[in-house]
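The residues making up each chain are set out below.
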Amino acid sequence: MSNKPIKAADVVVVGAGSVGIAVAYYLVKNHNVTNVVLVDPREPMSLTSAQSGENYRNWWPHPVMTAFTNHAIDLLEEIDRESGGRINMTRGGYALVTRRKNPDDLIQDLHNGYGDSPGAIRIRDTLSNDYQAPLRGPWNLAPDGVDVLTNQELIRRTFPSFAPDVATVIHIRRAGSISAQQLGQTMLEQIKAAGGRLVRAEVKSISGKAPFTLELSTAEGIQQLQAGQIVNAAGPFLRDVGAMLGEDIPVKSVYQQKIAFQDREGAIPRNMPFSIDLDGQSLAWSDEDRELLASDPTTRHLTTPMNGGIHCRPDGAPDGTWIKLGWAYNDNASDPHDEDPVDPQFPDTVLRGASRLNPTLATYIGRLPRGAHHYGGHYTMTEENWPLIGKLKTDGAFIAGALSGYGSMAATSTGALCAAAVVGAPVPDFARLLSYERYDEHALMAQLATMGKGAL
């Protein structure tokens, strides 16, 4: 952190979460822009980034988002290699689970996202000998593509903790986990080594056109900072920074929650991939509990059929004991300036839902181990749940945000694409549709309106 006032910078990045840090990192690394300043009133990676699920995948039912996340994973692999494995990148995959025997729509989504590359989508309807079971080890030892398991005996052998009624498992192979905090720290160290700086301050106003004048509130008082260009990477506060530039950023913030705890009962095998129960369900309650929940408007939804998307995975080292569970069922936007809308009912709710896929988890209902962690963060998203990366309407201003529940996994690509936009460097073809330009593509927007918006 800077100990003396900084009066001017070539580029100011507002927001020192994983995305803002990645923008500064790629400005330094790819374009030699070293007079870059990160501005944030908090410690780096301490707000939304601190609540990351720390997962990544290249699965997405649209080729643009598949290309985007593949690019992000390429860059994650590069950082993992260059740092000597510091970001703890593993590749156990994603397991998308359903009780449907013939989920043709899900298979079509795979083809939509991955295209028709030979061998990319492999249907496993027998006890195949060449199917490689999940591996929580080095990412470079895992296969690519997707394995679709429809043979129930193969499913039972490979995923013994799953309920016996599971009929199909879609095993996304280019997926796994990282340490988001180590990723951010690695990038931040290289930014500082190249001359980039971090300022602990809140942006109070932005005036003028490029070069901009930022009024900052710091511990030492009000200061001014001149910026040749500015990047809005303010996470849940994208709209605030946008308003200072006279722009209405089309995003909302939705608070989502998770729990983590020590799995003393060994309910979740340590080699189980990040697993998502795609099927909706109605939670099992006692008559008394159901009546109580139904009587309160804030909990009544828990007694009605709920959407799928419950996820669970082992957390930490392969020989550890902690697990994480999440369920992004909240769809009510909230103000990130307000107190976090933490739901005290959430741990019990997610355990009841998750125990349908992994029945042994039911042993923890009503008796979470001491030290369990209940936490959450704001998913900041566009209506179509695609990010905004690139130029704003204001000359000299750019945006990198709206990454909803996939910020840590896609921060690298977001940073590289935004940094390229700042300096006017070429970007991959898919990048255009991740910017404001997509809103001029009416056929694309109509298509996205019919697709699911959840980020798992």
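Worth saying up front: this structure is predicted, and the values here are computed from it rather than measured.

Peer 1: Explain the packing of helix 1 (residues 18-31) against helix 5 (residues 180-193) here, please?
Peer 2: Packed helices, taken two at a time, are described by the angle their axes make and the gap between the axes. Their axes nearest at 9 Å, the elements helix 1 and helix 5 cross at an angle of 40°. Classified by the angle between their axes, helix 1 and helix 5 sit oblique to one another. Considering the relative orientation of helix 1 and helix 5, their crossing is left-handed. Each of S18, I21, A22, A24, Y25 and V28 in helix 1 lies in contact with helix 5, whose residues at this interface are G184, M187, L188, Q190 and I191. By residue class, the composition of the contact of helix 1 with helix 5 is eight nonpolar, three polar and no charged.

Peer 1: What should I look at first to understand the side chain of S253 in this one?
Peer 2: Tracing the chain through its elements places S253 in strand 13 (residues 252-262). Assessed through its relative accessible area of 6%, S253 is described here as buried. One polar contact links S253 to T380, side chain to side chain, over a distance of 3.0 Å. Residues within four places of S253 in sequence aside, it is in contact with P236, N332, A333, S334, P336, H378, Y379 and T380.

Peer 1: Teacher, can you tell me more about the packing of aromatic side chains here?
Peer 2: Note on aromatic pairs: each is described by the distance of the centres and the angle between the planes. Under the counting rule described, the total for this entry stands at nine aromatic pairs. Here the aromatic rings of Y329 and F346 are separated by 6.0 Å at their centres, their planes lie at 35°, and the arrangement is tilted. Here the residue Y329 occupies a position in the loop between strand 16 (322-326) and helix 8 (346-354), and F346 occupies one in helix 8, the gap between them amounting to 17 residues. Like F346, Y329 is buried. Considering the side-chain rings of Y436 and Y439, the 6.1 Å spacing of their centres and the 65° angle between planes classify their relative orientation as edge-to-face. An aromatic cluster is built from W327, Y329 and F346, whose rings are joined through pairwise contacts.

Peer 1: I would appreciate a short explanation of the packing of helix 1 against helix 2 (residues 63-82) in the present structure.
Peer 2: Interhelical geometry of helix 1 versus helix 2 gives an angle of 75° and a closest axis separation of 14 Å. On the basis of their axis angle, the class for helix 1 and helix 2 is roughly perpendicular. In contact with Y25, Y26 and K29 of helix 1, helix 2 contributes L75, E78, I79 and E82. Among the residues making up the contact of helix 1 with helix 2, the classes are represented as four nonpolar, no polar and three charged.

Peer 1: Looking at this structure, I do not really get empty space enclosed by the protein. What am I missing?
Peer 2: With a probe scaled to a water molecule rolled over the atoms, the places where space remains empty come into view. Evaluated as defined, the whole model comprises four cavities of 30 Å³ or more. Roughly 60 Å³ of internal volume is contained in the second largest cavity. Taken together, G53, N55, K258, F274, H311, C312, R313, K324, L325 and G326 form the lining of the second largest cavity. Looking at the lining of the second largest cavity, the elements that each hand over two or more residues are strand 15 (310-315) and strand 16. Looking at the lining of the second largest cavity residue by residue, the class counts come to three nonpolar, four polar and three charged.

Peer 1: When you look at the pairing of strand 7 (residues 168-172) in this model, what are you seeing that I'm missing?
Peer 2: Every other side chain in a regular strand lies on the same face of the sheet, so the side chains alternate between the two faces. In terms of burial, strand 7 is a largely internal element, five of the five residues being buried. Here strand 7 shows two buried faces, one formed by T168, I170 and I172 and the other by V169 and H171. In the sheet, strand 4 (residues 94-98) pairs with strand 7 via five bridges, with the strands oriented antiparallel. Each residue of the ladder has a partner; that of V97, found in strand 7, is V169. Looking at chain direction, strand 6 (residues 146-149) and strand 7 are connected through four bridges and run antiparallel. Across the sheet, the residue bridging to V148 is I170, located in strand 7.

Definitions and cut-offs
Residues numbered from 1 in each chain as written. Predicted model: local features only at pLDDT ≥ 70, side-chain atom pairs only at ≥ 80, totals over all residues. Heavy atoms only, no water. Axes fitted to C-alpha atoms, helices over the stretch in contact; angles between N-to-C directions. Helix = DSSP H or I, 4+ residues; strand = E, 2+ residues; numbered from the N terminus. Parallel < 35°, antiparallel > 145°, perpendicular 65-115°, else oblique. Left-handed = near helix turned anticlockwise from the far one by under 90°. Contact = heavy atoms within 4.5 Å. Nonpolar A, V, L, I, M, F, W, Y, C, P; charged D, E, K, R; others polar. Buried < 20%, exposed > 50% of the residue type's maximum accessible area, 1.4 Å probe, protein only. Polar contact = N/O pair within 3.5 Å; in protein donor to acceptor, adjacent residues only side chain to side chain. Phe/Tyr/Trp six-rings, centres within 6.5 Å; stacked < 30°, edge-to-face > 60°. 1 Å grid on protein atoms, 1.4 Å probe; cavity = no way out; pocket = protein on both sides within 12 Å on 5 of 7 lines; lining within 4 Å. Points joined across faces, edges and corners; volume = space filled by probe spheres on them. Pairing = 2+ DSSP bridges.

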